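Take a look at the letters that make up each chain.
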Amino acid sequence: MPPPRTRKQQPQTVLRMIVDGVTYTLRVDEISALDAAALRRATGSSFAGVMRAAQEDADIDVVAALVWLARRQNGEEHLTFEAVAAELDYSTDLDFEEADAKAADLGEVNAGG
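Values in this document were obtained by computation on a predicted structure and should not be read as measured data. (Residues numbered from 1 in each chain as written. Predicted model: local features only at pLDDT ≥ 70, side-chain atom pairs only at ≥ 80, totals over all residues. Heavy atoms only, no water.)

1. A word on the nonpolar core
(1) Moving on: Ranked by internal contacts, the top residues of the largest apolar core, which has 25 residues, are M17, L26, F47, L66 and W68.
(2) Moving on: Elements with a minimum of two residues in this core: β1 (13-19), β2 (22-27), α1 (33-43), α2 (47-56), α3 (60-73) and α4 (81-87).
(3) Moving on: Examining the composition of this core, we find that 10 residues originate from one element, α3, more than from any other.
(4) Moving on: If we ignore the near neighbours within four places in the chain, the residues touching W68 are A38, L39, A42, L79, T80, F81 and V84. (Core = buried A, V, L, I, M, F, W, Y, C linked by side-chain atoms within 4.5 Å. Buried < 20%, exposed > 50% of the residue type's maximum accessible area, 1.4 Å probe, protein only. Helix = DSSP H or I, 4+ residues; strand = E, 2+ residues; numbered from the N terminus. Contact = heavy atoms within 4.5 Å.)

Take a look at the structure:
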């Protein structure tokens with residue numbers, strides 16, 4: 001039997017995406033291997049690749065990938081990437097924030113979860 005997992009005590013990286021007024025919170029340190037594999041199958045990119053693209057060339061498909069991961073993390077495990085991508089277009093109002101997990105826990109409301 002494997003030993004119990006312990007979590008790091010340092011603050012986690014949290015990415016907030018505000019899409020048409022709805023806030024989605026992605027806890028980067030809590031992305032599971034299953035979600036990372038699903039991301040690669042759906043987009044052809046690793047999570048690291050999506051994050052690089054978000055910093056260098058954040059097109060609408062990159063935003064869709066991050067929102068999709070956030071929604072899966074918040075309880076929508078069966079949500080498809082295609083369903084999220086179909087909800088976004090170039091008229092979508094977008095904003096991003098990065099915060100530590102403690103700040104995200106204070107009064108944050110997650111969509112879909």
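2. Thoughts on the environment of S45
(1) Moving on: As for its placement among the helices and strands, S45 is situated in the loop between α1 and α2.
(2) Moving on: Sequence spacing of S45 and V62 is 17 residues, and the spatial spacing of their C-alpha atoms is 9.9 Å.

3. Let's talk about the packing of aromatic side chains
(1) Moving on: Taken as a whole, this structure holds 1 aromatic pair when the rule is applied.
(2) Moving on: Ring plane angle 80 degrees and centroid distance 6.0 Å describe the contact between W68 and F81, whose orientation is recorded as edge-to-face. In this pair, W68 is assigned in helix α3 and F81 in helix α4, connecting sequence segments 13 residues apart.
(3) Moving on: We classify W68 as buried; its relative accessible area is 3%. (Phe/Tyr/Trp six-rings, centres within 6.5 Å; stacked < 30°, edge-to-face > 60°.)

4. Some details on unusual backbone geometry
(1) Moving on: Although it is not a glycine, D20 sits at a positive phi angle of roughly 50 degrees.
(2) Moving on: Structurally, the position occupied by D20 is in the loop between β1 and β2.
(3) Moving on: Among the residues examined, D20 registers a relative accessible area of 49% and is labelled partly exposed.

5. Structural notes on α1
(1) Moving on: Those residues of α1 that sit buried are D35, A38 and L39. Relative to the axis of α1, the buried residues are bounded by an arc of 105 degrees and lie together on one face. Of the exposed residues in α1, those oriented more than 90 degrees away from the buried face are A33 and R41.
(2) Moving on: Against the buried residues of α1 lie α2 and α3.
(3) Moving on: Once α1 finishes, G44 follows within two positions and takes phi at roughly 80 degrees, a positive value. (Arc of directions from axis to C-beta.)

6. Considering the layout of surface pockets
(1) Moving on: Taken as a whole, the largest pocket holds about 160 Å³ of empty space.
(2) Moving on: Lining of the largest pocket is provided by T13, L15, V28, M51, A54, Q55, A58, L66, F96 and E98.
(3) Moving on: When residues of the lining of the largest pocket are traced back to their parent elements, those giving at least two are β1, α2 and β3 (94-100).
(4) Moving on: It is α2 that provides the largest number of residues to the lining of the largest pocket, a total of 3 residues. (1 Å grid on protein atoms, 1.4 Å probe; cavity = no way out; pocket = protein on both sides within 12 Å on 5 of 7 lines; lining within 4 Å. Points joined across faces, edges and corners; volume = space filled by probe spheres on them.)

7. Description of the pairing of β1
(1) Moving on: Across the 7 residues that make up β1, a large majority, 5, are buried.
(2) Moving on: Two strands pair when backbone bridges link them, and β1 and β2 are joined in this way by 6 bridges, in the antiparallel orientation. Residue I18 lies in a different strand from β2, and its bridge partner there is T23.
(3) Moving on: The turn linking β1 back onto β2 is made up of 2 residues, and D20 within it adopts a positive phi angle of 50 degrees. (Pairing = 2+ DSSP bridges.)

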